[in-house]
Amino acid sequence: MKKAKIINLLIGICLFFLPELLLPREIFTSSAARYSIGCVLWMAYWWITSPVDLAVTAFIPIVVNAFFNVTDSSSVLSQYANDTIILILGASIVSASWEDSGLNRRIAITFMNFAGNSLRAQVIFWFLLSTCMSMVLANVAVAAALTPLAVSILGAGSSDDRNVGKTMSGSFVLMAIAWGAGLGGLASPLGGAMNLVVINYLEQVSGQEYMYIDWVVRFLPIMLVLILSNVLYLYFAVPKNKKILNAVDNEHLMIKSQSKMSFAEKCGLILFSAAVILTFARPLYDQLLPGLKPAYIYVFAGVLSFLIPDGKGGAISDWTTVEKRINWGILYIIAGGLAAAQMLSDTGADAMLGKVIFNAGLDNKLVLITLFVTLPLIMSDITSNTATAAVFMPIVVTVTSSLGLNPIPYIYMATIGVNLSYSLPTSVRAIPIGYGMPPKLMLKHGLKLSLIVIVLLVPLCYVLLEYWPLFLTV
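What comes next concerns the included structure. (Residues numbered from 1 in each chain as written. Predicted model: local features only at pLDDT ≥ 70, side-chain atom pairs only at ≥ 80, totals over all residues. Heavy atoms only, no water.)

## Considering the overall build of the chain
Assigned secondary structure in the chain consists of 24 helices and zero strands. Put simply, the chain has 474 residues, and 52% of those count as buried. Taking all contacts inside the chain whose residues are at least 6 apart in sequence as the whole, residues at least 24 apart take part in 76%. Total accessible area computed for the chain in this model is approximately 19,900 Å², and 67% of it derives from carbon and sulfur atoms. (Helix = DSSP H or I, 4+ residues; strand = E, 2+ residues; numbered from the N terminus. Buried < 20%, exposed > 50% of the residue type's maximum accessible area, 1.4 Å probe, protein only. Contact = heavy atoms within 4.5 Å. Areas by Shrake-Rupley, 256 points an atom, 1.4 Å probe, with all protein chains shown as cover.)

Here it is in structure tokens:
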């Protein structure tokens with residue numbers, strides 16, 4: 001094991017014990033509260049430095065609770081199988097058949113015909129396609145599906161696809177895909193696991209079920225500003241009059257978009273579309289079917305995929321294939337963050353932390369908005385969006401509640417930062433680096449765009465907080 005990894009392992013463990021040793025007893029009145037804070041510090045550090053897989057870190061709350069009896073074990077363990085986890089599992093099952101049937105390629109290639117041969121047009125096309133797809137699919141899944149497709153269509157490095165990103169054309173296209181996959185997730189709760197973490201806290205705060213259509217309405221003005229600013233940045237960043245050779249000459253790829261859809265493709269599209277529609281239409285039938293929440297809609301659609309015959313002696317999905325396509329690590333990361341937050345709540349550590357921040361005088365609205373937009377954006381660049389949501393959302397709730405503020409709009413603000421990350425080759429942004437894109441290029445443009453969106457979003461959030469009542473409610 002490398003020395004740096006060993007050091008990071010030890011630092012994480014030391015951070016766990018620091019609150020017990022250093023936090024003032026008059027404020028943090030119980031060892032259980034101090035240990036729960038230490039658990040969050042330990043997890044956050046390991047999630048940032050990654051001395052072990054992110055999913056491994058997610059099991060720390062179970063270990064901590066077993067040794068230090070911080071809270072009731074059932075309270076912690078229940079977070080590893082709550083509605084959020086079930087929804088992600090169901091959605092993963094439904095979309096797993098897309099790659100086998102070729103549906104993901106068909107969607108991209110069909111729209112590709114409209115993009116033309118201009119580099120600017122291609123970059124903006126791939127950004128918008130990635131953004132739109134990630135509104136209903138996990139950002140990592142979108143980037144993982146579109147990146148190799150873009151590489152093959154570009155045809156810039158036919159001898160070695162992994163060198164495509166080293167070209168100017170390839171670098172901008174792959175970077176645009178990664179950025180779009182991250183941004184699109186903000187548009188709906190289905191855009192990523194991090195948003196389901198947010199919904200879990202919105203439901204805790206409001207005490208009621210969160211309707212997914214409400215998310216779309218509240219983030220619409222923010223999404224419009226972000227999409228416009230991102231497109232304008234890419235337009236001016238890409239060299240003028242630059243062309244992409246061979247981008248529209250791959251006839252063997254274009255034929256796929258014109259051929260007849262297979263039965264498996266149709267079923268995969270129908271099942272997923274039906275689940276999305278039923279999820280957003282939930283206000284129409286929630287009184288009639290109170291138990292049919294989004295998580296169970298996707299599980300039902302997933303079960304159907306194993307029952308519908310594909311016409312070849314099997315079903316459109318089979319478990320052997322599906323289990324390999326599911327990102328089990330994401331499920332555990334979300335669950336671990338929720339478990340740590342549950343420990344904070346059960347021990348009262350969240351209220352104690354809020355009291356400290358209140359005493360520090362951070363009660364200015366503009367200061368809070370700036371912090372809640374900027375800090376999660378930085379954290380998301382360093383680690384995964386899901387891990388950031390799991391760590392940061394309980395902090396937002398704790399701070400705002402202790403200050404006597406409505407936590408809901410500040411949760412929305414932090415969600416923006418959780419979904420946005422442009423600069424470092426972590427999470428979804430590691431994919432273009434794998435195809436040869438220079439990390440320095442992403443850092444150069446990512447830092448500029450990060451600064452631009454922060455400057456735009458802080459005043460926008462302030463205006464929404466002051467003048468848009470919908471931003472204050474679920």
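## Focus: the packing of aromatic side chains
On inspection of all chains with the given rule, the structure shows 22 aromatic pairs. Between Tyr412 and Phe471, the aromatic rings sit 5.5 Å apart at their centres with planes inclined by 40°, giving tilted as the arrangement. On the criterion of sequence distance, the pair formed by Tyr412 in helix α22 (residues 407–419) and Phe471 in the segment after α24 (439–467) is long-range, its members being 59 residues apart. Here Tyr412 matches Phe471 in class, with each residue buried. Ring pairing ties together the aromatic residues Phe16, Phe17, Tyr35, Trp42, Trp46 and Phe68, which thus form one cluster. (Phe/Tyr/Trp six-rings, centres within 6.5 Å; stacked < 30°, edge-to-face > 60°.)

## Focus: the nonpolar core
With 143 residues, the main nonpolar core has Trp47, Trp126, Ile222, Leu226, Ile416, Leu420 and Leu457 as its most contacted residues. Beyond its immediate sequence surroundings of up to four residues, Leu226 is in contact with Leu183, Leu186, Ile416, Leu420, Val453 and Leu457. (Core = buried A, V, L, I, M, F, W, Y, C linked by side-chain atoms within 4.5 Å.)

## Considerations on empty space enclosed by the protein
Throughout the structure, instances matching the rule amount to one cavity of 30 Å³ or more. By volume, the largest cavity amounts to about 60 Å³. Lining the largest cavity we find Val40, Met43, Ala44, Trp47, Gly337, Ala340, Ala341, Leu344, Ala390, Val391 and Pro394. Within the residue set of the lining of the largest cavity, elements represented by two or more residues are α2 (31–49), α18 (328–347) and α21 (385–402). The residue makeup of the lining of the largest cavity, split by class, is ten nonpolar, one polar and no charged. (1 Å grid on protein atoms, 1.4 Å probe; cavity = no way out; pocket = protein on both sides within 12 Å on 5 of 7 lines; lining within 4 Å. Points joined across faces, edges and corners; volume = space filled by probe spheres on them. Nonpolar A, V, L, I, M, F, W, Y, C, P; charged D, E, K, R; others polar.)

## With respect to the packing of helix α13 (residues 212–237) against α24
For the pair α13 and α24, interaxial distance at closest approach is 10 Å and the crossing angle is 155°. Here α13 lies roughly antiparallel to α24, going by the angle between them. In the crossing of α13 with α24, the sense of the turn from one axis to the other is right-handed. The residues of α24 that touch α13, namely those facing Pro221, Ile222, Val225, Leu226, Ser229, Asn230, Tyr233 and Ala237, are His445, Lys448, Leu449, Ile452, Val453, Leu456, Leu457, Leu460 and Leu464. When grouped by side-chain class, the residues that make up the contact of α13 with α24 number 13 nonpolar, three polar and one charged. (Axes fitted to C-alpha atoms, helices over the stretch in contact; angles between N-to-C directions. Parallel < 35°, antiparallel > 145°, perpendicular 65-115°, else oblique. Left-handed = near helix turned anticlockwise from the far one by under 90°.)

## A word on unusual backbone geometry
One non-glycine residue with positive phi stands out, namely Ser50, at about 55°. With respect to the secondary-structure elements, Ser50 resides in the loop between α2 and α3 (54–57). You can call Ser50 partly exposed: its relative accessible area is 38%. Positive phi, normally seen in glycine, also occurs at Asn69, with a value near 50°. Look at Asn69 and you get exposed, because its relative accessible area is 60%.

## A few points about the environment of Asp318
Here Asp318 lies in the loop between α16 (294–305) and α17 (319–325). Assessed through its relative accessible area of 37%, Asp318 is described here as partly exposed. Remark: the alpha-carbon pair of Asp318 and Phe306, spanning twelve residues in sequence, is separated by 6.0 Å.

## As for a nonpolar patch on the surface
There is a patch of nonpolar side chains on the surface, built from Met1, Ile6, Leu10, Ile13, Phe17, Leu18, Leu21, Leu22, Val63, Phe67 and Phe68 and spanning about 1,100 Å² of accessible area. Counting residues per element, the ones that place at least two in the nonpolar patch are α1 (3–22) and α4 (60–68). Sorting elements by how many residues they give to the nonpolar patch places α1 first, with seven residues. Within the secondary structure, Phe17 is located in helix α1. (Patch = residues over 30% accessible without salt bridge, like charges linked within 9 Å, V, L, I, M, F, W, Y side chains within 5 Å. Salt bridge = Lys/Arg side-chain N within 4 Å of Asp/Glu carboxyl O.)

## Notes on the pattern of salt bridges
Applying the stated criterion across every chain yields a total of five salt bridges. For the salt bridge of Arg34 with Glu20, the shortest nitrogen-to-oxygen distance reads 2.9 Å. Pair noted here: Arg34 is in helix α2 and Glu20 is in helix α1, with a separation of 14 residues, a long-range link. Each member of the pair Arg34 and Glu20 is classed as buried. Residues Arg282 and Glu209 are paired through a salt bridge, measuring 2.6 Å at the closest nitrogen-oxygen approach. Residue Arg282 is found in the loop between α15 (263–280) and α16, and its partner Glu209 is found in the loop between α12 (193–206) and α13; the two are separated by 73 residues along the sequence. Classification of Arg282 as buried rests on a relative accessible area of 2%.

## Focus: α2
The terminal C-alpha atoms of α2 lie 27 Å apart, and with 19 residues this matches the ideal 27 Å at 1.5 Å per residue to within 8%. With respect to burial, α2 is a largely interior element, 14 of its 19 residues being buried. Phi for Ser50, located one or two positions after α2, is positive at around 55°. (Expected span 1.5 Å × (residues − 1).)

## What to know about the packing of α22 against α24
Two numbers describe how α22 lies on α24: the axes approach to 11 Å, and their chain directions differ by 160°. Classified by the interaxial angle, the pair formed by α22 and α24 is roughly antiparallel. For the crossing formed where α22 meets α24, the hand is right-handed. Judged by residue contacts, Pro409, Tyr410, Met413 and Ile416 of α22 engage Leu457, Cys461 and Leu465 from α24. In terms of residue class, the contact of α22 with α24 is made up of seven nonpolar, no polar and no charged.

## A word on the side chain of Ser421
Structurally, Ser421 can be placed in the loop between α22 and α23 (430–434). The class for Ser421 is buried, based on a relative accessible area of 6%. The contacts of Ser421, once residues within four sequence positions are left out, are Trp179, Ser380, Asp381, Asn385 and Arg429.

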